[in-house]
Amino acid sequence: MTSSFPIRILTLFPEFFDSPLTTSLTGKAIDRGNFDVELSNIRDFTTDKHNKCDDLPYGGGAGMVMKPEPLVAALEDAREAIPGAPRILLTPQGTPFTQSLARELSRGPGMILTCGRYEGVDERVRQNWIDLEISIGDYVLTGGEVAAMVIVDSVTRLLPGVLGNADSIAEESFSESRLEYPHYTRPQNFRGHEVPEVLLSGHHGKIAQWRRQKALERTQNRRPDLLDDE
Ligand code: 9D3
């Protein structure tokens, strides 16, 4: 099915995406036609008899480098399928991923996500066939696949009709500079631990004030960086 938000993922491990893409909100949104994901196996673009996708680094050193030929062939195929979509490389050297970048990407027309493996891709591919490099944070992953799935999840939930609630998206953008207040549900006493009295009071003004206070305390204690630019 063709959708208004096509995503192509270039990877050496297409099986990685089977379960996350058929489960949960993401799977339901694909079924509804809100977006679609095409998996492109980079190995399918090799032309040598051993289907080689990596090679030794010029200059020596540890590890292997992704060969340019199959990767660029896969990128050209993707560009033809989704004209105008940013060609994104997932790499530890990329620009840090944020909610505001997720929002920009959700404006369309789609995404081409390239998952690096080994020590990285040949520099000439990065310079000439990639529009944007993204890292999802300062920790070491085994490859770009988990990072690509993070991008798919965070971008597609912002597409019209995916979350199914435009209000909560709007509310979310207001609350990005604060952590959330604590939540409680029944029972009122769980194994001796009580729900805060104010939440049972029915006094909406006091409840709102308590929640604002708790949100601020938590942010000051856990993420003071979020309050810096306020
Ligand atoms: C352990 C090898 N490292 C230096 C000797 C370099 C290295 C290469 C490839 C480290 C990690 C990776 C694989 N990671 C990704 O492809 C990746 C990633 C990440 O590791 N952290 C955060 N975001 C991303 S996006 C892609």
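The shown structure was predicted, so the numbers you read here are calculated from the model rather than taken from an experiment. (Residues numbered from 1 in each chain as written. Predicted model: local features only at pLDDT ≥ 70, side-chain atom pairs only at ≥ 80, totals over all residues. Heavy atoms only, no water.)

1. Quick word on the site of the ligand
Item 1. The environment of the ligand is formed by 17 residues, the closest being Ile 136, Gly 137, Tyr 139, Leu 141 and Gly 143.
Item 2. At a separation of 3.5 Å, a nitrogen atom of the ligand approaches a polar side-chain atom of Ser 135.
Item 3. A distance of 3.1 Å separates a nitrogen atom of the ligand from a polar atom in the backbone of Ile 136.
Item 4. For the ligand, the accessible surface in isolation is 570 Å², of which the surrounding protein chains cover 72%.
Item 5. More than half of the atoms belonging to the ligand lie within 2 Å of the grid points that define the largest pocket. (Near = heavy atom within 4 Å. Polar contact = N/O pair within 3.5 Å; in protein donor to acceptor, adjacent residues only side chain to side chain. Areas by Shrake-Rupley, 256 points an atom, 1.4 Å probe, with all protein chains shown as cover. 1 Å grid on protein atoms, 1.4 Å probe; cavity = no way out; pocket = protein on both sides within 12 Å on 5 of 7 lines; lining within 4 Å. Sits in = over half its atoms within 2 Å of the grid points.)

2. Some words on the packing of helix 4 (residues 99-106) against helix 6 (residues 145-156)
Item 1. The interhelical angle for the contact between helix 4 and helix 6, taken along N-to-C directions, is 70°, at an axis separation of 8 Å. Here helix 4 is positioned roughly perpendicular relative to helix 6, judged by the angle of their axes. Contacts from Ala 102, Leu 105 and Ser 106 of helix 4 reach helix 6 at Ile 151, Ser 154 and Val 155. (Axes fitted to C-alpha atoms, helices over the stretch in contact; angles between N-to-C directions. Helix = DSSP H or I, 4+ residues; strand = E, 2+ residues; numbered from the N terminus. Parallel < 35°, antiparallel > 145°, perpendicular 65-115°, else oblique. Contact = heavy atoms within 4.5 Å.)

3. A word on the layout of surface pockets
Here the idea is plain: a probe the size of a water molecule rolls over the atoms and shows the empty space left.
Item 1. Space inside the largest pocket adds up to approximately 530 Å³.
Item 2. Leu 90, Thr 91, Pro 92, Gln 93 and Glu 119 are, among the 27 residues lining the largest pocket, the residues nearest its centre.
Item 3. Mapped by element, the contributors of at least two residues to the lining of the largest pocket are strand 5 (87-96), helix 5 (123-129) and strand 7 (132-135).
Item 4. It is strand 5 that provides the largest number of residues to the lining of the largest pocket, a total of 5 residues.
Item 5. A per-class count over the lining of the largest pocket returns 12 nonpolar, 9 polar and 6 charged. (Points joined across faces, edges and corners; volume = space filled by probe spheres on them. Nonpolar A, V, L, I, M, F, W, Y, C, P; charged D, E, K, R; others polar.)

4. A look at the sheet that holds strand 5
Item 1. As summarised here, the arrangement of the 5 strands in space is 2-1-6-5-7, forming an open sheet in which the pairing is parallel. A single partner strand is all that each edge strand has here, and the edge strands are strand 2 (36-41) and strand 7. When the angles between neighbouring strand axes are averaged without regard to direction, this sheet yields 35°.
Item 2. Contacts from helix 3 (residues 68-81) reach strand 1 (6-11), strand 2, strand 5 and strand 6 (111-115), with the element oriented near 175° to strand 1. (Pairing = 2+ DSSP bridges.)

5. Focus on the nonpolar core
Item 1. Ile 7, Phe 97, Leu 105, Met 111, Leu 113 and Ile 151 are the most contacted members of the largest nonpolar core, which has 28 residues in total.
Item 2. Elements represented by at least two residues in this core include exactly strand 1, strand 5, helix 4, strand 6 and helix 6. (Core = buried A, V, L, I, M, F, W, Y, C linked by side-chain atoms within 4.5 Å. Buried < 20%, exposed > 50% of the residue type's maximum accessible area, 1.4 Å probe, protein only.)

6. Some words on the environment of Leu 132
Item 1. Note that Leu 132 resides in strand 7.
Item 2. For Leu 132, a relative accessible area of 23% corresponds to the partly exposed category.
Item 3. Each C-alpha atom of the pair Leu 132 and Leu 113 lies 9.7 Å from the other, and the pair is 19 residues apart in sequence.
Item 4. Here Leu 132 is in contact with Arg 87, Ile 88, Leu 89, Thr 95, Leu 101 and Leu 105, once residues within four sequence places are set aside.

7. Digging into helix 3
Item 1. Taking 1.5 Å as the rise per residue, helix 3 with 14 residues should run 20 Å; its terminal C-alpha atoms sit 20 Å apart, in good agreement.
Item 2. Taken together, the buried positions of helix 3 are occupied by Pro 70, Leu 71, Val 72, Ala 74, Leu 75 and Ala 78.
Item 3. Looking at the packing, one finds that the buried side of helix 3 touches strand 1, strand 2, strand 4 (65-66), strand 5, strand 6 and helix 5. (Expected span 1.5 Å × (residues − 1).)

8. Quick look at the domain arrangement of the chain
Item 1. Each assigned domain of the chain is listed here: domain 1 (6-156) and domain 2 (172-228).
Item 2. Computed from C-alpha coordinates alone, the two centres of domain 1 and domain 2 are separated by 38 Å. (Domains from an automatic or database assignment.)

9. Brief notes about the pattern of salt bridges
Item 1. Per the counting criterion, the structure on display carries 13 salt bridges.
Item 2. In this structure, Glu 69 and Lys 67 form a salt bridge, with 3.5 Å as the shortest nitrogen-oxygen distance.
Item 3. For the salt bridge of Arg 117 with Glu 145, the shortest nitrogen-to-oxygen distance reads 2.9 Å. Note that Arg 117 is positioned in the loop between strand 6 and helix 5 and Glu 145 in helix 6, a separation of 28 residues in sequence.
Item 4. The class for Glu 145 is buried, based on a relative accessible area of 1%.
Item 5. Ionic contacts of the salt-bridge type, sharing partners, join the residues Arg 8, Glu 38 and Asp 77 into one network. (Salt bridge = Lys/Arg side-chain N within 4 Å of Asp/Glu carboxyl O.)

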